[in-house]
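Observations on the model geometry
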Amino acid sequence: MVELNENKRQAELIQRINELAHKQKKVGLNREEKQEQAALRQEYLANFRQGFKAQLLHTKLYNTQGQEITPAKIRKIQKNKGWRSN
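This report concerns the structure included in the present document.

Definitions and cut-offs
- Residues numbered from 1 in each chain as written.
- Predicted model: local features only at pLDDT ≥ 70, side-chain atom pairs only at ≥ 80, totals over all residues.
- Heavy atoms only, no water.
- Core = buried A, V, L, I, M, F, W, Y, C linked by side-chain atoms within 4.5 Å.
- Buried < 20%, exposed > 50% of the residue type's maximum accessible area, 1.4 Å probe, protein only.
- Helix = DSSP H or I, 4+ residues; strand = E, 2+ residues; numbered from the N terminus.
- Contact = heavy atoms within 4.5 Å.
- Expected span 1.5 Å × (residues − 1).
- Polar contact = N/O pair within 3.5 Å; in protein donor to acceptor, adjacent residues only side chain to side chain.
- Salt bridge = Lys/Arg side-chain N within 4 Å of Asp/Glu carboxyl O.
- 1 Å grid on protein atoms, 1.4 Å probe; cavity = no way out; pocket = protein on both sides within 12 Å on 5 of 7 lines; lining within 4 Å.
- Points joined across faces, edges and corners; volume = space filled by probe spheres on them.
- Nonpolar A, V, L, I, M, F, W, Y, C, P; charged D, E, K, R; others polar.

A separate point is the nonpolar core. Core analysis: the largest hydrophobic core is formed by five residues, namely L13, I17, L20, L29 and L40. If you tally residues by element for this core, the top one is helix α1 (residues 2-26), at three residues. The contacts of I17, once residues within four sequence positions are left out, are L40, R41 and Y44.

Here's what the structure looks like:
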């Protein structure tokens, strides 16, 4: 359920960012709207980075011979979080 709320919030952010971008192209934005636009963009990017990092941390990489080649830094984080035993 949390992921659904996060997706909904992300969609709302994108919608509002796009509304402000269209308005900026047509008539321009006042100071408050520019500040809102900047804040929304920062929130969107923070959410994107958080999701991307989570996706990377849950990834294991293998070469063509089937040997795991996940970088040591990621393996260490996965182990510390209890996601892997070795």
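Read on, since the account is not over.
With 27 residues, helix α2 (residues 31-57) should cover 39 Å at 1.5 Å per step; its first-to-last C-alpha distance of 39 Å lies within 8% of that length. Along α2, the positions that sit buried rather than exposed are E33, Q37, L40 and L57. In this structure N30 caps α2, since a side-chain oxygen of it lies 3.1 Å from the backbone nitrogen of E32.

We now examine the pattern of salt bridges. A full pass over the atoms with the stated rule returns five salt bridges. With a closest N to O distance of 2.5 Å, K23 and E33 form a salt bridge. With K23 in helix α1 and E33 in helix α2, the pair connects residues that are ten residues apart, well separated along the chain. Since its relative accessible area comes to 14%, E33 is described here as buried. Between E68 and R84 there is a salt bridge, and its shortest N-O distance comes to 2.5 Å. Placement of the pair is E68 in the loop between α2 and α3 (72-80) and R84 in the segment after α3, with a sequence separation of 16 residues. Residue E68 is classed as partly exposed on the basis of its relative accessible area of 27%. Classification of R84 as buried rests on a relative accessible area of 9%.

Right, let's talk about the layout of surface pockets for a bit. As a volume, the largest pocket reaches approximately 380 Å³. Taken together, eleven residues make up the lining of the largest pocket; nearest its centre are E6, N7, N47, Q50 and G51. For the lining of the largest pocket, the element with the most residues is α2, which contributes seven residues. Broken down by class, the residue content of the lining of the largest pocket amounts to three nonpolar, six polar and two charged.

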